[in-house]
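If you want the building blocks of each chain, they are given just below.
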Amino acid sequence: DAQRYNRNKSIDVSNVVLVPKEDISGVKGFGGTRCTIGGRELDGKLTHKLKCARCGYRVYRFPGRRWATDVDYFWVRNYALDDRAPAKMIEDQAKLQAKLEPSDTAAAYACGCTWQTVSQAKDITVDATDAAPEGGISEGRMRWKVE
C-alpha cells in the first residue's frame, strides 16, 4: 500500500513484506567507488546502499535467491524496482519473483540495467567490473557504487 510505504523500507521478495533496508541493500563498503557484494555469507553484514551510475536505480539484494538462467536485460529493465513509485514496486516485485529461484548460498542483485547472482564475495568498482559470469548487463561494465 503506497500510503503506508516508508522510504526507509524495501521489499523482501522471499515473503513480500517490508523489511529494514539494511537487510536488503547491497554492500560491505570501502568508500563510494569500491565495495564487496556477496551471497548468504554476508547476510546481516551489509550496511551500505548501492546505486547504479548507469541507470540511476537503486541496487536491490534478494538473499537466498538466484536469477533464473533465462533472465535478460529487458526483464530487469521492465520490472526494475523503483522506490519513487512504491505502489508499482509491489506489482513489479511479483513479476521479478517469477525469475528468482531459491538458493541456500546465493543472493540475487539487480538495478534497472544489470543483474547478478553471487554466491561468494565479489569486489566491484564503479567502472571496472564485468557482469559476467555472475549475471549480465545491457552493454559495457557494471557501474554500481555506494550511495
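Computed from a predicted structure; not experimentally measured. (Residues numbered from 1 in each chain as written. Predicted model: local features only at pLDDT ≥ 70, side-chain atom pairs only at ≥ 80, totals over all residues. Heavy atoms only, no water.)

Q: Hey, could you run me through the nonpolar core in this one?
A: Formed by 18 residues in total, the largest nonpolar core has its most connected members in I37, L50, V59, Y109, C111, I124 and W144. For this core, the secondary structure elements donating two or more residues are β4 (34-37), β5 (50-52), β7 (100-110) and β11 (144-146). Within the second largest apolar cluster, 13 residues are counted, among which are Y60, W67, A68 and L100. (Core = buried A, V, L, I, M, F, W, Y, C linked by side-chain atoms within 4.5 Å. Buried < 20%, exposed > 50% of the residue type's maximum accessible area, 1.4 Å probe, protein only. Helix = DSSP H or I, 4+ residues; strand = E, 2+ residues; numbered from the N terminus.)

Q: When you look at the confidence of the model for the protein in this model, what are you seeing that I'm missing?
A: When pLDDT drops low, the exact placement of atoms in the prediction is not to be read closely. For the protein, the average pLDDT comes to 74, and 76% of its residues sit at 70 or higher. Taken as a whole, residues 1-31 scores under 50 in pLDDT and shows 77 contacts with residues more than four places along the chain or in a different chain. (pLDDT = per-residue confidence, 0-100. Contact = heavy atoms within 4.5 Å.)

Q: I keep staring at the packing of aromatic side chains and nothing clicks. Help me out?
A: Counted by the stated rule, this structure contains 4 aromatic pairs. Aromatic side chains Y109 and W144 sit 6.2 Å apart centroid to centroid with 40° between the ring planes, which places their arrangement in the tilted category. Here W144 lies in strand β11 and Y109 lies in strand β7, a separation of 35 residues in the sequence. The ring of Y60 carries the charged tip of R58 above its face, separated from the ring centre by 4.6 Å. Just above the ring of Y57 sits the side chain of R84; from NZ or CZ to the centre is 5.6 Å. (Phe/Tyr/Trp six-rings, centres within 6.5 Å; stacked < 30°, edge-to-face > 60°. Lys NZ or Arg CZ within 6 Å of the ring centre and 35° of its normal.)

Q: Quick question: what am I supposed to make of the environment of E41 here?
A: By the element assignment, E41 lies in the loop between β4 and β5. The sequence separation of E41 and T105 amounts to 64 residues, and the corresponding C-alpha distance is 7.3 Å. Setting aside residues up to four positions removed in sequence, E41 forms contacts with T105, S119, Q120 and A121. Within the structure, E41 has its side chain in polar contact with the backbone nitrogen of A121 (distance 3.2 Å). (Polar contact = N/O pair within 3.5 Å; in protein donor to acceptor, adjacent residues only side chain to side chain.)

Q: What am I meant to see in the environment of P63 here?
A: Within the fold, P63 resides in strand β6 (residues 58-67). Remark: the alpha-carbon pair of P63 and T105, spanning 42 residues in sequence, is separated by 8.6 Å.

Q: Looking at this model, I keep getting lost on the sheet that holds strand β10 (residues 135-137). Mind explaining?
A: Strands in a sheet are paired, the pairing made by backbone hydrogen bonds, and the direction either parallel or antiparallel. What the 6 strands build is an open sheet, ordered β10-β8-β7-β6-β5-β11; its pairing is antiparallel. If you trace the sheet from one side to the other, it starts and ends with β10 and β11, each paired once. Taking each pair of neighbouring strands and ignoring which way they run, the sheet shows an average axis angle of 35°. Here strand β8 (residues 114-118) pairs with β10 via 3 bridges, running antiparallel. The residue bridging Q116 from the neighbouring strand is G135, located in β10. Most of the contacts of helix α2 (residues 86-97) go to β6, to which it runs at about 35°, and overall it touches β6 and β7. (Pairing = 2+ DSSP bridges. Axes fitted to C-alpha atoms, helices over the stretch in contact; angles between N-to-C directions.)

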